[in-house]
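# Observations on the three-dimensional arrangement
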Amino acid sequence: MVRNTSMMKLKVFTDQWGHLVPVEENHTIPFDIKRVYYIYHVEKGVRRGFHSHRELQQALICVHGEVKILTKTPEEELTICLNNPSEALLIGPMVWREMYDFSDDAVLLVLASEPYDESDYIRDYSVYEKEAKNWLRSAQIHDIPR
């Protein structure tokens, strides 16, 4: 995994009525959930994201279909295919992300630790790279908690 990211297996309850995956802030997800949104009907060939966050933490869950997520720091990168609604990709601050190869039926659920704040976004990769190198050098971080 890329530094400051991790995969989390979510608990699934299965019975004759189907599958249920509970998601709770500060329990299932290791932060307060202050914003929830989902992405769907993404056209073939479209890439989304192209940014990092200075402070925000996110949990990405592909609740239907599949999508690829590129996670990247100035030192490493990894592409993860999300296609299991019982798995979450946790992304902490200062990780560049791009989402692509959405299947026609993909629904990507995003749980965020903060409300939308444009000033938290870094959308220029060269600016991100400079800030991230300094942040990663000075931060005493490990993989974000599971």
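Procedures and definitions
Within every chain, residues take consecutive numbers counted from 1 along the sequence as written. The predicted origin of the model limits local features to residues at a pLDDT of at least 70 and limits the giving and counting of side-chain atom pairs to 80 or more, whereas totals for whole chains, interfaces and linings rest on all residues. Calculated side-chain values reflect all of the structure's heavy atoms, with hydrogen atoms and water omitted. A pair is scored as a salt bridge if a Lys or Arg side-chain nitrogen falls within 4 Å of a carboxyl oxygen belonging to Asp or Glu. Numbered from the N terminus, helices here are DSSP runs of H or I no shorter than four residues, and strands are runs of E no shorter than two. Relative accessibility decides the category of a residue: with a 1.4 Å probe and only protein chains considered, values under 20% of the type maximum give buried, values over 50% give exposed, and everything between is partly exposed. We define a nonpolar core as any set of buried Ala, Val, Leu, Ile, Met, Phe, Trp, Tyr and Cys residues linked to one another through side-chain atoms lying within 4.5 Å. The term polar contact refers here to a pair of N or O atoms within 3.5 Å; inside protein, the definition further demands a hydrogen-donor-capable atom paired with an acceptor-capable atom, and it admits residues adjacent in sequence only when both atoms are side-chain atoms. By definition in these notes, contact holds between two residues if any of their heavy atoms fall within 4.5 Å. For two strands to count as paired, DSSP must find a minimum of two bridges between them. Working definition: rings of Phe, Tyr and Trp (its six-membered ring) pair if their centres are within 6.5 Å, and the pair is stacked with planes under 30 degrees apart, edge-to-face with planes over 60 apart, and tilted otherwise. Only Lys NZ and Arg CZ are tested; either one counts as a charge over a ring when it is within 6 Å of the ring centre and within 35 degrees of the ring normal.

### Brief notes about the pattern of salt bridges
- All told, the structure shown has eight salt bridges when counted by the stated rule.
- A salt bridge links Lys9 to Glu87, with the nearest nitrogen and oxygen atoms 3.9 Å apart. You can see Lys9 sitting in strand β1 (residues 5-9) and its partner Glu87 sitting in strand β9 (residues 87-91), a full 78 residues away along the chain.
- Its relative accessible area of 57% is what places Lys9 among the exposed residues.
- On the accessibility criterion, Glu87 (24% relative accessible area) is partly exposed.
- The salt bridge involving Lys68 is made with Asp101; its shortest N-O contact spans 3.1 Å. Of the two residues, Lys68 is situated in strand β7 (residues 67-72) and Asp101 in the loop between β10 (96-100) and β11 (107-112); the sequence distance between them amounts to 33 residues.
- The class for Lys68 is partly exposed, based on a relative accessible area of 27%.

### So, the nonpolar core
- Ranked by size, the top nonpolar core spans 17 residues in total, and within it Leu60, Val67, Ile69, Leu82, Met99, Phe102 and Leu108 carry the most contacts.
- Among the nonpolar cores identified, the runner-up in size contains ten residues, and Leu10, Ile29, Leu90 and Leu111 belong to it.

### Description of the side chain of Ser52
- As for its position among the elements, Ser52 is in strand β5 (residues 48-53).
- A polar atom in the side chain of Ser52 sits 3.2 Å from the backbone nitrogen of Val95.
- Leaving out residues up to four positions away in the same chain, Ser52 has contacts with Met94, Val95, Trp96, Arg97, Asp120, Tyr121, Ile122 and Tyr128.

### A few points about the sheet that holds β7
- One open sheet accounts for five strands, arranged β8-β7-β10-β5-β12; its pairing is antiparallel. A strand with exactly one partner marks an edge of an open sheet, and here the two such strands are β8 (77-82) and β12 (121-122).
- Bridge count for β7 against β8 is six bridges, and the pairing is antiparallel. In the strand pairing of β8, Thr71 is matched with Leu78.

### Regarding the packing of aromatic side chains
- Per the stated rule, a full pass over the model turns up five aromatic pairs.
- Ring geometry for Tyr116 and Tyr121: centres 5.5 Å apart, planes at 50 degrees, overall tilted.
- When its relative accessible area of 45% is taken as the criterion, Tyr116 is described as partly exposed.
- Seen in terms of ring centroids, Tyr125 and Tyr128 are 5.4 Å apart; in terms of plane orientation they differ by 45 degrees. Their pairing is tilted. Here the residue Tyr125 and the residue Tyr128 both occupy positions in helix α1 (residues 125-138), the gap between them amounting to three residues, near one helical turn.
- Connected via pairs of aromatic rings, a cluster forms that spans Trp96, Tyr125 and Tyr128.
- Geometry around Tyr100 places Arg47 over its ring, the cationic atom sitting 3.9 Å from the centre.
- Directly above the aromatic system of Tyr125 lies the positively charged group of Lys72, at a separation of 4.7 Å from the ring centroid.

Honestly, it's all geometry; don't read function into it.
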